[in-house]
Amino acid sequence: MQIRTEVPEADPGGALVLRASPIGQTLFALATGALLMAFAYFGGRWWLNRQPMLILLLTLPLGFMGMIVLAVFLSAIHSLRASFRPSNWSIQIGAQTLVINLRDFRNGEPNTPIPVLRLPIGEIDGMYEVTESWIRQDNKRGASEIKRRYIDLVVSDQDTAELARILAAEARKIDPAKRSKRTSFHFNERRVMVLETGIVRLTSTKPLRAALAEILKFGPHREVDLNESLEGLPSLMRAQALDTRGEHSQAARLLAKAEDFTLEEARTLLDQVAAKD
C-alpha cells in the first residue's frame, strides 16, 4: 500500500477507470437551471400581483428559498466544470493494482496534485460487501431507517493509520485558492473510509462491484445493524461512528442530546477529535 501525491493525467491508464459522467452532470445542471428560471419567473409574477402586506410577510421565506435554489444551481455548474478535468476519476482497476483517488473530483483546482492510494491486488486478503442499517432521528420527520452498501477490502498486514489521517484531512479541507472567491464549494462524499485498522471501505456501486468481481472473489455478504453494534458505547464514540460515515447532523444531534451540549458545541468537539485522530 502506497499513498502518493500525483498530478492527474488526462488518461489515467488503468484497465478500467470509474468516473463521474459529464452527461449526467450536464443534465443535473440543466435541471437546476430550469428550476431556478421557473422560480424567478413565477416568483416575479407573484410579487407583482400580491398586496404590499403579503409581500412584506413573505419576502424573507421566498428569498431564502431562492438562495437555496441558486446555491444548488451554482454547485451543479461547479460539478459540471470539474467533470471535464483530468482529476475526474474515482478508481482505476488494473490487473495488478487498484488506484483510488482520495479526493472528490469536485474539490481542488485544475492541474493541482491529488492524493491517491495505490493498493496491489496481492495485498488484499479478502473482500466482502456490507449493508449497514441504522435509525436516523429527525426532529421534523421523526425516525427513518437508513441503509448503505459498502465494499470492504481486507488489508490485514497494512498500516491504514496514514490513510485514515489523509481522508479526515480531505473531509475538512478547503483549498486556499478558493477562499478568495465569492462562492466556494467543498464536497464531502465519503467514497473511501477507514473505520477500523486493516479495512479499506469503498461505497458500493453496481459498476464497482462488477469490476472488482473480475479480479477478486467476494466473501459472504454481511448485514450490520449499526444501532445494535454501537449500543453500550460512550456517546462520543457512537457520534464519531456516524460522523465518519458522513452523518454529520445526526452525529452532532446524538452527542448534544446525550451530553447536554448545544449543536455547535457538539460539532466543535467532533471536529476537534477528528483533527487529533
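Residues numbered from 1 in each chain as written. Predicted model: local features only at pLDDT ≥ 70, side-chain atom pairs only at ≥ 80, totals over all residues. Heavy atoms only, no water.

## Some thoughts on the overall build of the protein chain
Phase 1 of the analysis: Helix and strand counts for the protein chain come out as nine helices and ten strands.
Phase 2 of the analysis: Per-residue burial over the protein chain gives 38% buried out of 277 residues.
Phase 3 of the analysis: The long-range fraction of contacts in the protein chain, counting pairs at least 24 apart against all pairs at least 6 apart in sequence, stands at 68%.
Phase 4 of the analysis: Surface accessibility of the protein chain: about 16,500 Å² in total, with carbon and sulfur atoms responsible for 57%. (Helix = DSSP H or I, 4+ residues; strand = E, 2+ residues; numbered from the N terminus. Buried < 20%, exposed > 50% of the residue type's maximum accessible area, 1.4 Å probe, protein only. Contact = heavy atoms within 4.5 Å. Areas by Shrake-Rupley, 256 points an atom, 1.4 Å probe, with all protein chains shown as cover.)

## Digging into helix H8 (residues 248-259)
Phase 1 of the analysis: With twelve residues, H8 should cover 16 Å at 1.5 Å per step; its first-to-last C-alpha distance of 17 Å lies within 8% of that length.
Phase 2 of the analysis: Among the residues making up H8, those that are buried are Gln250, Ala251, Ala252, Leu255 and Ala256.
Phase 3 of the analysis: The positive-phi residue at the C-terminal boundary of H8 is Asp260, with phi of around 60°. (Expected span 1.5 Å × (residues − 1).)

## Thoughts on the confidence of the model for the protein chain
Low-confidence regions, as indicated by low pLDDT, have predicted coordinates that should not be scrutinised in detail.
Phase 1 of the analysis: Per-residue confidence for the protein chain gives a mean pLDDT of 84; residues scoring 70 or more make up 87%.
Phase 2 of the analysis: For the stretch residues 174-183, pLDDT sits under 50, and the model shows 15 contacts to residues farther than four places along the chain or on other chains. (pLDDT = per-residue confidence, 0-100.)

## Examining the packing of helix H7 (residues 235-244) against helix H9 (residues 263-276)
Phase 1 of the analysis: At their nearest, the axes of H7 and H9 sit 11 Å apart, and the two run at 80° to each other. In terms of orientation, H7 and H9 fall into the roughly perpendicular class. Across the interface between the two elements, Leu236, Ala239, Gln240 and Asp243 from H7 touch Arg267, Leu269, Leu270 and Val273 from H9.
Phase 2 of the analysis: Partitioning the contact of H7 with H9 into residue classes produces five nonpolar, one polar and two charged. (Axes fitted to C-alpha atoms, helices over the stretch in contact; angles between N-to-C directions. Parallel < 35°, antiparallel > 145°, perpendicular 65-115°, else oblique. Nonpolar A, V, L, I, M, F, W, Y, C, P; charged D, E, K, R; others polar.)

## With respect to the packing of H8 against H9
Phase 1 of the analysis: In contact at an axis separation of 8 Å, H8 and H9 are set at 110° when each is read in the N-to-C sense. Accordingly, the angle class assigned to the pair H8 and H9 is roughly perpendicular. Two packed elements cross with a definite hand, and for H8 against H9 that hand is right-handed. Residue-level inspection shows His248, Ala251, Ala252, Arg253, Leu255 and Ala256 of H8 in contact with H9, the latter providing Leu263, Ala266, Arg267, Leu269 and Leu270. (Left-handed = near helix turned anticlockwise from the far one by under 90°.)

## As for a nonpolar patch on the surface
Phase 1 of the analysis: On the surface, Phe28, Phe64, Ile68 and Val72 cluster together into a nonpolar patch covering about 370 Å² of accessible area.
Phase 2 of the analysis: Sort the elements by how many residues they give to the nonpolar patch and helix H2 (residues 52-82) lands first, with three residues.
Phase 3 of the analysis: Inspection of the secondary structure assignment puts Ile68 in helix H2.
Phase 4 of the analysis: We classify Ile68 as partly exposed; its relative accessible area is 42%. (Patch = residues over 30% accessible without salt bridge, like charges linked within 9 Å, V, L, I, M, F, W, Y side chains within 5 Å. Salt bridge = Lys/Arg side-chain N within 4 Å of Asp/Glu carboxyl O.)

## Considering the sheet that holds strand E1 (residues 2-6)
Phase 1 of the analysis: Spatially, the five strands line up as an open sheet ordered E1-E5-E4-E3-E2, and their pairing is antiparallel. The outermost strands of the open sheet, each flanked by one partner alone, are E1 and strand E2 (16-18). Mean inter-strand twist for the sheet, computed between neighbouring axes without regard to direction, equals 20°.
Phase 2 of the analysis: In the packing of helix H5 (residues 206-213) onto the sheet, contacts are made with E2, strand E3 (91-93) and strand E4 (97-101), and the angle to E3 comes to roughly 25°. (Pairing = 2+ DSSP bridges.)

## Let's talk about the pairing of E4
Phase 1 of the analysis: Most of E4 sits out of view: four of its five residues are buried.
Phase 2 of the analysis: As defined by bridge partners, E3 adjoins E4 across three bridges and the pair is classed as antiparallel. When the sheet's bridge partners are listed, Ile91 is paired in E4 with Ile100.

## So, the nonpolar core
Phase 1 of the analysis: If you look at the biggest cluster of nonpolar residues, it comprises 26 residues, and the most contacted ones within it are Leu98, Leu102, Ile124, Leu153, Val200, Leu202 and Leu208.
Phase 2 of the analysis: Among the secondary structure elements, those contributing two or more residues to this core are E3, E4, strand E5 (114-120), strand E7 (142-154), helix H3 (161-172), strand E9 (199-203) and H5.
Phase 3 of the analysis: Excluding its chain neighbours within four sequence positions, the residues that come into contact with Leu98 are Gln92, Ile93, Leu117, Arg118, Leu119, Ile121, Ile124, Leu153, Leu212 and Ile215.
Phase 4 of the analysis: By size, the runner-up hydrophobic cluster in this structure holds 15 residues, among which are Tyr150, Ala241, Ala256 and Leu270. (Core = buried A, V, L, I, M, F, W, Y, C linked by side-chain atoms within 4.5 Å.)

## With respect to unusual backbone geometry
Phase 1 of the analysis: Despite not being glycine, Asn111 has its phi angle at roughly 65°, a positive value.
Phase 2 of the analysis: Looking at the element boundaries, Asn111 is found in the loop between E4 and E5.
Phase 3 of the analysis: Phi is positive for Asp260, which is not a glycine, with a value near 60°.
Phase 4 of the analysis: Among the structural elements, Asp260 can be located in the loop between H8 and H9.

## Re H7
Phase 1 of the analysis: Within H7 the residues assigned to the buried category are Ser235, Ala239, Ala241, Leu242 and Asp243.
Phase 2 of the analysis: Positioned one or two residues after H7, Gly246 has a phi angle of 95°, which is positive.

## Some words on the pattern of salt bridges
Phase 1 of the analysis: Following the criterion strictly, the structure yields 13 salt bridges and no others.
Phase 2 of the analysis: Residue Glu6 pairs with Arg118 through a salt bridge whose shortest N-O separation is 3.0 Å. Note that Glu6 is positioned in strand E1 and Arg118 in strand E5, a separation of 112 residues in sequence.
Phase 3 of the analysis: Its relative accessible area of 22% is what places Glu6 among the partly exposed residues.
Phase 4 of the analysis: A residue is classified by how much of its surface remains accessible, and Arg118, at 25% relative accessible area, is partly exposed.
Phase 5 of the analysis: In this structure, Arg103 engages Glu170 in a salt bridge whose closest nitrogen and oxygen atoms are separated by 2.9 Å. Of this pair, Arg103 sits in the loop between E4 and E5 while Glu170 is found in helix H3, placing the two residues 67 residues apart along the sequence.
Phase 6 of the analysis: Using a relative accessible area of 7% as the deciding quantity, one classes Arg103 as buried.
Phase 7 of the analysis: With relative accessibility at 11%, the residue Glu170 sits in the buried group.
Phase 8 of the analysis: A cluster of three or more residues bridged by salt bridges with shared partners is formed by Glu132, Asp152, Arg201 and Arg245.

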